[in-house]
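Summary of the model geometry
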Amino acid sequence: TRLASEHVNMSSIPFPVPTKQFAFEASGIKTEVVISTFTDRIFIIVTQLGKVASIVAASRDTTIEGAETYAVKTLLGSRDDMMPVVYARALVEHISKRTSRPLWLGIGLRDNSPQMFRAIISQIKQVLDA
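Residues numbered from 1 in each chain as written. Predicted model: local features only at pLDDT ≥ 70, side-chain atom pairs only at ≥ 80, totals over all residues. Heavy atoms only, no water.

1. Some thoughts on the pattern of salt bridges
For the coordinates displayed, the defined rule picks out four salt bridges. Here Asp129 and Arg98 are joined by a salt bridge, their closest N and O atoms 2.9 Å apart. Residue Asp129 is located in helix 2 (residues 114–129), and its partner Arg98 is located in the loop between helix 1 (83–95) and strand 7 (103–108); the two are separated by 31 residues in the primary sequence. (Salt bridge = Lys/Arg side-chain N within 4 Å of Asp/Glu carboxyl O. Helix = DSSP H or I, 4+ residues; strand = E, 2+ residues; numbered from the N terminus.)

2. Notes on the side chain of Thr31
Topologically, Thr31 is positioned in strand 3 (residues 29–37). Thr31 gets classed as buried once you look at its relative accessible area, which sits at 0%. Within the structure, Thr31 has its side chain in polar contact with the side chain of Gln48 (distance 3.0 Å). Every residue in contact with Thr31, bar those within four places of it in the chain, is listed here: Phe22, Ala23, Phe24, Val46, Thr47, Gln48, Met116 and Ile120. (Buried < 20%, exposed > 50% of the residue type's maximum accessible area, 1.4 Å probe, protein only. Polar contact = N/O pair within 3.5 Å; in protein donor to acceptor, adjacent residues only side chain to side chain. Contact = heavy atoms within 4.5 Å.)

3. Let's talk about the pairing of strand 6 (residues 68–76)
Bridge analysis of strand 5 (residues 54–62) against strand 6 gives eight bridges, and the strand direction is antiparallel. Residue pairing for strand 6: Val56 is matched across the bridge by Thr74. (Pairing = 2+ DSSP bridges.)

4. As for the nonpolar core
The nonpolar side chains of soluble globular proteins are, as a tendency, buried together. By size, the foremost hydrophobic cluster in this structure holds 27 residues, and its most contacted members are Ile35, Ile44, Val46, Leu103, Leu105 and Ile124. Looking at this core, the elements that each hand over two or more residues are strand 2 (19–26), strand 3, strand 4 (42–47), strand 5, helix 1, strand 7 and helix 2. The element contributing the most residues to this core is helix 2, with seven residues. If near-sequence neighbours (up to four positions away) are discounted, Leu105 is found in contact with Phe43, Ile44, Val46, Ser54, Ile55, Val56, Pro84, Tyr87, Ala88 and Leu91. (Core = buried A, V, L, I, M, F, W, Y, C linked by side-chain atoms within 4.5 Å.)

5. So, helix 1
Over its 13 residues, helix 1 extends 18 Å from the first C-alpha to the last, a length consistent with the 18 Å expected when each residue adds 1.5 Å. Every buried residue of helix 1 is listed here: Pro84, Val85, Tyr87, Ala88, Leu91, Val92, His94 and Ile95. Close packing links the buried residues of helix 1 with strand 4, strand 5, strand 6, strand 7 and helix 2. (Expected span 1.5 Å × (residues − 1).)

6. Observations concerning the environment of Gly50
Along the chain, Gly50 turns up in the loop between strand 4 and strand 5. Separated by 19 residues in the primary sequence, Gly50 and Thr31 have C-alpha atoms spaced 8.9 Å apart.

7. Considerations on the side chain of Thr99
Turning to its location among the elements, Thr99 is positioned in the loop between helix 1 and strand 7. Polar contacts involving the side chain of Thr99 include one to the main-chain amide nitrogen of Arg101, which spans 3.2 Å. Non-local contacts of Thr99, meaning those with residues more than four positions away in its chain, are made with Ile42 and Arg60.

8. Focus on the confidence of the model for the protein chain
This prediction gives the protein chain a mean pLDDT of 89; 88% of its residues lie at or above 70. Scored below 50 in pLDDT, residues 1–9 makes 24 contacts in the model with residues more than four places away or belonging to other chains. (pLDDT = per-residue confidence, 0-100.)

9. Points about a nonpolar patch on the surface
A contiguous nonpolar patch, built from Leu75, Leu76 and Trp104 and spanning about 260 Å² of accessible area, is present on the exposed surface. As for its placement among the helices and strands, Trp104 is situated in strand 7. On the basis of relative accessible area, Trp104 is assigned to the partly exposed category, the value being 32%. (Patch = residues over 30% accessible without salt bridge, like charges linked within 9 Å, V, L, I, M, F, W, Y side chains within 5 Å. Areas by Shrake-Rupley, 256 points an atom, 1.4 Å probe, with all protein chains shown as cover.)

Next up, the structure:
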């Protein structure tokens, strides 16, 4: 499957909560993303359904020995579906390079393929790093 992505309707709202919103298409499926940076956490919504099916919390922790670990917990939705956990883990690892704020991820996907995972993570990283 060929992935095609193009930013559509990229908007940024600085107040009261800095928010970036964009949409792109991959494998023929429109994916909408909202990234809100609160003072105590980063909240990302990723949906192909127009709603979220799960909300996952993720954070970076440090062990007594100083090693980094990541804690990921499903707050809402099926605990049997590991894909939201995989997305949250990948995103919090990237986010934690710049901030110690935890991540809350609201996610609702139609396509859980590895290609879609790579496309979504890549698009979000591009916007976070911009």
